[in-house]
Amino acid sequence: QDVMQDSYLSDVQFTIQNVEVRQATTRELSVDPNLWYRHLDEIGNIAGVDIDEDMQHFEAMEAAGCFIGIGAWCEGKLVGYSLNSVIQRHPIYNEKWMTHLALFVDKPYRRGKIGRMLIDETERLARANACKRMTMHAKPYTQLEQWLPRLGYQPLETVFIKDF
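Residues numbered from 1 in each chain as written. Predicted model: local features only at pLDDT ≥ 70, side-chain atom pairs only at ≥ 80, totals over all residues. Heavy atoms only, no water.

> How would you explain the sheet that holds strand β1 (residues 19-24) if you had to name every residue and give the values?
Taken in spatial order, the five strands line up as β1-β2-β3-β4-β5 in an open sheet, and their pairing is mixed. This sheet does not close on itself; its edge strands, each paired only once, are β1 and β5 (133-135). The average undirected angle you get between the axes of adjacent strands in this sheet is 25°. The pairing of strand β2 (residues 67-74) with strand β3 (residues 77-87) spans eight bridges and is antiparallel. From the neighbouring strand, C74 faces β3, where its bridge partner is K77. Against the sheet, helix α4 (residues 55-63) contacts β1, β2, β3 and β4 (97-105), and its axis sits at roughly 115° relative to β2. Together, β1, β2, β3, β4 and β5 form the strand contacts of helix α5 (residues 114-128), whose direction differs from that of β4 by roughly 160°. (Pairing = 2+ DSSP bridges. Helix = DSSP H or I, 4+ residues; strand = E, 2+ residues; numbered from the N terminus. Axes fitted to C-alpha atoms, helices over the stretch in contact; angles between N-to-C directions. Contact = heavy atoms within 4.5 Å.)

Take a look at the structure:
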């Protein structure tokens, strides 16, 4: 496995000019299951839980107009994504919101601005869909947690988890 991981993480040369970030369907975002597995493995290691993103659930949300996916491609290869839910009317706040569900950029592509490009496109699509607010969550001690305040995000509430 170490040999596989070493070859997988070999020097990837890319420039921002080679990156395309745009809205994508669930079908487009599920084209490389290995990308999903690397994301799930990374989240599971951070959160300490078994993660299984249910693509069929995302497809049902997409069909209902409640899902917006955004992909990042480098030279035609999917290297990252942003998954989001549109809440037509928040049950408490009486506003249309976009809720960020997941943001992932494959490790060899994290040295550039792809994560920021995904966030910018996510925000643009939230505004284009008449959302009044966007919520973003970040796992503790991650780069995303450090970025969000610098991007203008403010804490709204703290989420706690308890295992049973």
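> I'd like a rundown of the nonpolar core, residues and numbers included.
Core analysis: the biggest nonpolar cluster contains 23 residues, and M98, I114, L118 and M136 have the highest contact counts within it. Those elements giving two or more residues to this core turn out to be β1, β2, β3, β4, α5 and α6 (143-150). Ranked by the residues each element gives to this core, the list is headed by α5, at five residues. Grouped together as the second largest cluster of nonpolar side chains are 14 residues, W36, F58, W73 and L83 included. (Core = buried A, V, L, I, M, F, W, Y, C linked by side-chain atoms within 4.5 Å. Buried < 20%, exposed > 50% of the residue type's maximum accessible area, 1.4 Å probe, protein only.)

> Can you lay out the environment of G80 for me, pointing to particular residues and giving the numbers?
Here G80 is to be found in strand β3. Placed 44 residues apart in sequence, G80 and W36 show a C-alpha to C-alpha distance of 9.5 Å. Once residues within four sequence positions are removed from consideration, G80 is found in contact with L35, I70, G71, A72, F104, V105 and L118.

> Please provide a residue-by-residue account of the packing of aromatic side chains, values included.
Tallying each qualifying case throughout the model produces three aromatic pairs. The ring of W73 carries R22 above its face, with NZ or CZ at 4.2 Å from the centroid. (Phe/Tyr/Trp six-rings, centres within 6.5 Å; stacked < 30°, edge-to-face > 60°. Lys NZ or Arg CZ within 6 Å of the ring centre and 35° of its normal.)

> Now, about the pattern of salt bridges: what can you tell me, with residues and values included?
Enumeration over the complete set of coordinates arrives at six salt bridges. Here R133 and E95 are joined by a salt bridge, their closest N and O atoms 3.3 Å apart. Of this pair, R133 sits in strand β5 while E95 sits in the loop between β3 and β4, and the two are 38 residues apart along the sequence. In this structure E95 comes out as partly exposed when scored by relative accessible area, which is 24%. Linking R116 and D120 is a salt bridge whose minimum nitrogen-to-oxygen distance equals 2.9 Å. With R116 and D120 both in helix α5 and four residues apart, the pair spans about one turn of that helix. The exposure class of R116 is partly exposed, given its relative accessible area of 39%. (Salt bridge = Lys/Arg side-chain N within 4 Å of Asp/Glu carboxyl O.)

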